[in-house]
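# Descriptive analysis of the structure
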Amino acid sequence: MSQGHVFITRRIPDPGMKALAEAGVRATVFQKNEEKGLTREEVIAGARSCDVLIPLLTEPIDREVMSANDTLRGIAQMAVGFNNIDVEVATELGIPVANTPGVLTDTTADLTWALLMAVARHVPQAHNYMVADRYKLWGPNLFTGADLSPGGSEQRKVLGIIGYGRIGAAVAKRSVGFDMDVLAYDPFNKDGVTADPLAEWAEFDELLEQSDFVSLHPLLTPETHHLIGEAELRKMKPTAYIVNAARGPVIDEKALVRALRERWIAGAGLDVYEDEPAMAPGLAELDNAVLLPHIASASIDTRGKMAWMAATNAVAHLKGQRAPNAVNPEVYDTEAYRQRLARS
Ligand code: GLV
């Protein structure tokens, strides 16, 4: 028996598909191939055709999309970030929106450290050197990089974490093995920083000026858009590295290209881009940037669990129940939501 129809914008890992099938849900997966996403019209048509929408962070879900279907019972995004969804409008229209928090915290923190280490120790460049058969003689100056641990300088390095939610704190936890000092700044969660013995609160400028490594973990909001621009990059040490595995627009990417090219800072590790999948002109040609295609949560187990969580949220939406991970739970008490359920 079908329990409703879910439209999934692109293929999600099997645990999600299985959970939908077990709940008797009819699921349509749009995806045509791995490189081409949906057009806006295709997203709108999909939203119109279903009872619950499962989008990915690549599809903007705005008023037009949500207004296409006045019986849409909910949105269950497979991602923790939901800046692609206009949640305020969703709430106004009585549509619950859910995400997949928590499960990807460790996986994302791990990748942040992979980026830190890769950029500081030139790992991709050294790999390319090997596969290009350029390694002819060991030398004391070959790919010398920066220590994360005290290393030869015998000085503890400072890790500055901007945005101290679950992921920021998990990044701090991993610094213990490197004997680092952690500074943290989060305009919305000062208590979270001060409660954590691993981190010391720092004002924004102080953190930029003192850190050897700056790692970005804020949500993307109007306040954090271009949080790091020319002025902030110029405040960093010329020996410092910056890493972004949060959302691209947190950094002014054109300013970052200049900072890297002119060596205001030593390097950057990026998993996300301002206008993804495009990169700012010049970024790909730099020898002091390590660039990844938004894979911070990409472990098999974590992506499977995220898909399962999205499916579980979708099934709750379909049943008219509170979704376990609603980001706008206040919607359940609105007249707009009650009317929407009554219509569907
Ligand atoms: C990935 O970027 C996510 O938000 O889940």
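Residues numbered from 1 in each chain as written. Predicted model: local features only at pLDDT ≥ 70, side-chain atom pairs only at ≥ 80, totals over all residues. Heavy atoms only, no water.

As a further point, take helix α1 (residues 14-22). Within α1, burial applies to Gly16, Ala19 and Leu20. Burial along α1 is one-sided: seen end-on, the buried residues are contained in an arc of 100°. Exposed residues lying more than 90 degrees from the buried face of α1 are Asp14, Lys18, Ala21 and Glu22. Contacts from the buried residues of α1 go to β1 (5-8), β2 (26-29), β3 (52-54) and α12 (300-318). Directly after α1, the chain includes Gly24, whose backbone phi takes a positive value near 75°. (Buried < 20%, exposed > 50% of the residue type's maximum accessible area, 1.4 Å probe, protein only. Helix = DSSP H or I, 4+ residues; strand = E, 2+ residues; numbered from the N terminus. Arc of directions from axis to C-beta. Contact = heavy atoms within 4.5 Å.)

The next thing to look at is unusual backbone geometry. Note that the residue after Glu276, namely Pro277, is joined by a cis bond; omega there is 5°. Here Pro277 is to be found in the loop between β11 (267-270) and β12 (289-291). If you check the backbone angles, His122 has positive phi at about 55° while not being a glycine. Tracing the backbone through its elements, the reader meets His122 in the loop between α5 (105-120) and α6 (123-131). Not every positive phi belongs to a glycine, and Glu154 is a case in point at roughly 60°.

Geometric values such as these leave the question of function open.
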